[in-house]
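Residues per chain, in single letters:
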Amino acid sequence: MRLDRQAALALGLLRLCLAQVNFAPHFFDNGVGSTNGNMALFSLPEDTPVGSHVYTLNGTDPEGDPVSYHISFDPSSRSVFSVDPNFGNITLVEELDREVAEKVVILVTDANDEAPRFIQEPYIVHVPEDTPPGSSIFKVHALDKDTGSGGSVTYFLQNMQSTKFAMDRHSGVLRLRPGTTLDYEKARAHFVTVVAKDGGGRLRGADVVFSATTTVTVNVDDVQDMTPVFVGTPYYGYVYEDTIPGSEVLTVAAMDGDRGKPNHILYSLLSESDGAFEINETSGTISITQSPAQLQREVYELHVQVTEVSSAGSPAAQAIVPVTIRIVDLNNHPPTFYGENGPQNRFELSMYEHPPQGEILRGLKITVNDSDQGANAKFNLRLVGPGGIFRVVPQTVLNEAQVTIIVENSAAIDFEKFKVLTFKAVDPDTGPWGEVKYSIYGSGADLFLIHPSTGIVYTQPWASLDAEATARYNFYVKAEDMEGRYSLAEVFVTLLDVNDHYPQFGKSIQEKTMVLGTPVKIEATDQDAEEPNNLVDYSIIRVEPANVFDINEHTGEIRLKNSIRSLEALRNITPSGVYTWSLEVQAKDRGSPSFSTTASLKIDITDTEMLSRSPMDAFLMQTKDNPMKAVGVLAGIMAIVVAITVLVSTATFWRNRKSNKVLPVRRVLRKRPSPAPGTVRIEWLKFNRTKAAAKFVLQEDAPNENRNNHSQGSPPPPRAPAPPPPPGMAPSTAAAPWTVPTVSGSLSPPQPQCSPKPKALGSPMQSALVSELRQKFEKNNVASKAYF
């Protein structure tokens, strides 16, 4: 008999219980009586002995986790089979009866093998900066496929102490913390790290908890909550008295403080200009409407009001800035003489001769006036004519004065000498003597112009001044009169810096390696010329996966927080064991208005133990961020090795050269008493102490070829006669004084015919022989048997 199909199908209802598996297992049937591997078609004879191995379940997990097998039966059925939990072998444990059908059910219990997963990422939300505190901003959602506590998910923020936000742990709703507000002008974006954690459960005999993280990007939308900001304050303007009505004086500039969605701006003048000035409502240019000669004041203190216009066309925020305009007088009016009836250039007076000295000429009523203002109205008076007769008072005048003529030399006023005396009272600064022309020259004069008559300095129409490129210019101004007399003055022009540059990082994306206890540095530069526009402050605005850093806001040095002193502490923060952090660093200048920029920084954290594996490893790790430093160090080492090699080679070369050279030897030898004067015979030294010495003979430096014959027994040539005594000395009747000669000799190989061929010596080297011969020659020369 065979097991009926109902029983076989019941056996196919086996279900597998797995632990910590994310994917369904794959089964491979291996039935004893089956030929096609399909458990639904499995059949078994009813007379199969109890204890027989009737089937094998093979299950695999795609993730490689172990598989366990279990079998269960309905309470109303018999336990006919058993299964090995490890190998899946199914064994018959009771006798079969075809007429009896059993249903087998295998229960699969859940294990905490699934981690929460966020859905619908990425999370980006736009929030107006005027969002009330406590408002809900966004909701995140994570799923966990497990059941029970392992499938329940709770939410929390990773950096709860350093954020403006709060998270509902059950619903995943992100809220703005009570008592905090958003500000677009301070931070345009916030990066919030959210952690989803399951309730935990058993996995392979241990309690485990799984979590996942995601980042919510909160972009702050600008709203109109800032007043306009003026740029380039304070404002000063100058109007010269020859300015034409309608000319531009200066331009004020303002911008909406809300830079995300700026409003249109309109300019207006408050009622303080007496109608002398007007302003363009869109450009902010202030112009003069009257002739400066008609103005009643020298200084005008104006106030410019700027008003924002909303998108609806209604006035919004306003701001006011003071503007000072000064009326500048030009020295363009010469002094004028006045008589009783108005301007007069000729005055006559009749007087007696020889008036008292110091007498005032009372018949003259002269007034002088200069209509210029300030220092331009100051001038001098002097008399032109016969000198020393009269003098004029006063000699210096400011604006206007009564002219008085006083007698200075009474004797010179003589009728017999002069019938008429003519004098002129003139101002040295007027007339042809007072006409001055101005010109400029010098290395810095190319960008400037000067009015030839007024001396006003302008910039060239095409000139573009930049305080960052050149902050100061200097040139010379030449003032020259009609007679060619001139004076020079040096003019310095200093440009005032405006905050018009953003801080710039060397790279917008940087990677650095941090050793525990050692900071890393990020640096940004601002091209503005002056402080505080070029001073930069640093801050960290985003960190992933956790904020474990502090940054020095002035230097940009980034350090780990004081509480983190080991990699173990970091491992508690990042269970994944990856010590790589992503940061977004902001550099902001201190100008007004302020500019900022950001850079992304990736930091790999390690410790000194990892770096101490070998000196080369430590060196490569330290120079990872600066490869040029590594190249420079290696080049330096190679240069040192080459220099040492050159020094050693040079020293060796000179040492060998010196040891192979035999220099001439000079010695003073004693007088031989026996020979008569003039018949001295030279005995040549012969060194026979070693066989190698036979290769050398002592030679004199004289070029006489016969001297080589002495070694063959020929007599030496007679010695040259002694030189005569110097003048003034009587010749000596005694034996001629012995002149001690100086012998110069050198060791050289003998001629072939002079001595027999020496035997070859193979053991010592030639350089050693030469050195030995030279030493013996020096030590034994005096004691040798050679005499003169």
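In this text the structure is predicted, and so the values were computed from the model without any measurement.

Asker: Break down the nonpolar core for me, citing the residues and quoting the values.
Answerer: Residues Phe549, Ile558, Trp581, Ile603 and Ile605 are the most contacted members of the largest nonpolar core, which totals 26 residues. Every element with two or more residues in this core is listed here: strand 45 (536-544), strand 47 (557-560), helix 3 (567-573), strand 48 (580-589) and strand 49 (596-606). Discounting chain neighbours no more than four positions away, the residues touching isoleucine 605 are Met514, Leu516, Phe549, Leu560, Leu567, Leu570, Tyr579 and Trp581. With 24 residues, the next largest nonpolar core counts Val252, Ile286, Tyr300 and Val304 among its residues.

Asker: Any chance you could break down the sheet that holds strand 12 (residues 165-167) for me, citing the residues and the numbers?
Answerer: Taken together, the three strands give an open sheet; going across it, the order is 9-13-12, and neighbouring strands pair in antiparallel fashion. Taken across any chain shown, the strands that pair with only one partner, and hence form the sheet edges, are strand 9 (136-139) and strand 12. When the angles between neighbouring strand axes are averaged without regard to direction, this sheet yields 25 degrees.

Asker: Explain the pattern of salt bridges to me, using residue names and the numbers behind them.
Answerer: Counted according to the given criterion, the structure contains 12 salt bridges. Arginine 202 is the partner of aspartate 207 in a salt bridge, and the nearest nitrogen-oxygen pair spans 3.2 Å. On the accessibility criterion, aspartate 207 (60% relative accessible area) is exposed. Among the ionic pairs, glutamate 584 bridges to arginine 542, the shortest N-O distance being 3.3 Å. Of the two residues, glutamate 584 is situated in strand 48 and arginine 542 in strand 45; the sequence distance between them amounts to 42 residues. Side by side, glutamate 584 and arginine 542 carry an identical accessibility label, which is buried. What you see here is one network of salt bridges that share partners, running through Arg542, Glu544 and Glu584.

Asker: Explain the environment of serine 439 to me, and be specific about the residues and the numbers.
Answerer: Summarising the element assignment, serine 439 is placed in strand 36 (residues 437-441). Taking the C-alpha atoms as reference points, serine 439 and lysine 478, 39 residues apart in sequence, are found 5.2 Å from one another. In contact with serine 439, not counting residues within four places along its chain, are Ile450, Tyr476, Val477 and Lys478.

Asker: Describe the sheet that holds strand 17 (residues 211-221), naming the residues involved and giving the relevant values.
Answerer: Across the sheet, four strands lie side by side as 8-17-14-11; this open sheet has mixed pairing. Taken across any chain shown, the strands that pair with only one partner, and hence form the sheet edges, are strand 8 (123-128) and strand 11 (153-157). Shown here is a sheet whose adjacent strand axes are inclined to one another by a mean of 30 degrees, direction ignored. Strand direction decides the pairing type here: strand 11 and strand 14 (residues 189-198), joined by five bridges, are antiparallel. Looking at the pairing, threonine 154 lines up with lysine 197 of strand 14.

Asker: Can you explain a nonpolar patch on the surface? Please cite residues and give values.
Answerer: On the surface, Tyr441, Tyr476, Tyr486 and Leu488 cluster together into a nonpolar patch covering about 410 Å² of accessible area. For tyrosine 486, a relative accessible area of 52% puts it in the exposed group.

Asker: Explain the side chain of glutamate 129 to me, and be specific about the residues and the numbers.
Answerer: For glutamate 129, the position within the fold is in the loop between strand 8 and strand 9. Of the side chains with opposite charge, arginine 188 comes closest to the buried, unpaired glutamate 129, at an N-O distance of 9.5 Å. At a separation of 2.7 Å, a polar atom in the side chain of glutamate 129 contacts the main-chain amide nitrogen of tyrosine 184. A polar contact of 2.9 Å, which involves the side chain of glutamate 129, links it to the backbone nitrogen of valine 223. In this view, glutamate 129 contacts Leu182, Asp183, Tyr184, Glu185, Val220, Asp221, Asp222, Val223, Asp225 and Asp258; residues no more than four positions away in its chain are not counted.

Asker: Outline the environment of arginine 177, supporting the account with residue identities and numerical values.
Answerer: Considering the arrangement of structural elements, one finds arginine 177 in the loop between strand 13 (173-176) and strand 14. Classification of arginine 177 by relative accessible area gives partly exposed; the value is 26%. The sequence separation of arginine 177 and serine 135 amounts to 42 residues, and the corresponding C-alpha distance is 7.9 Å. Setting aside anything within four residues of it in sequence, one finds arginine 177 in contact with Pro133, Gly134, Met160, Gln161, Thr163, Lys164, Phe165 and Ala166.

What counts as what
Residues numbered from 1 in each chain as written. Predicted model: local features only at pLDDT ≥ 70, side-chain atom pairs only at ≥ 80, totals over all residues. Heavy atoms only, no water. Core = buried A, V, L, I, M, F, W, Y, C linked by side-chain atoms within 4.5 Å. Buried < 20%, exposed > 50% of the residue type's maximum accessible area, 1.4 Å probe, protein only. Helix = DSSP H or I, 4+ residues; strand = E, 2+ residues; numbered from the N terminus. Contact = heavy atoms within 4.5 Å. Pairing = 2+ DSSP bridges. Axes fitted to C-alpha atoms, helices over the stretch in contact; angles between N-to-C directions. Salt bridge = Lys/Arg side-chain N within 4 Å of Asp/Glu carboxyl O. Patch = residues over 30% accessible without salt bridge, like charges linked within 9 Å, V, L, I, M, F, W, Y side chains within 5 Å. Areas by Shrake-Rupley, 256 points an atom, 1.4 Å probe, with all protein chains shown as cover. Lys, Arg positive; Asp, Glu negative; His and termini not counted. Polar contact = N/O pair within 3.5 Å; in protein donor to acceptor, adjacent residues only side chain to side chain.

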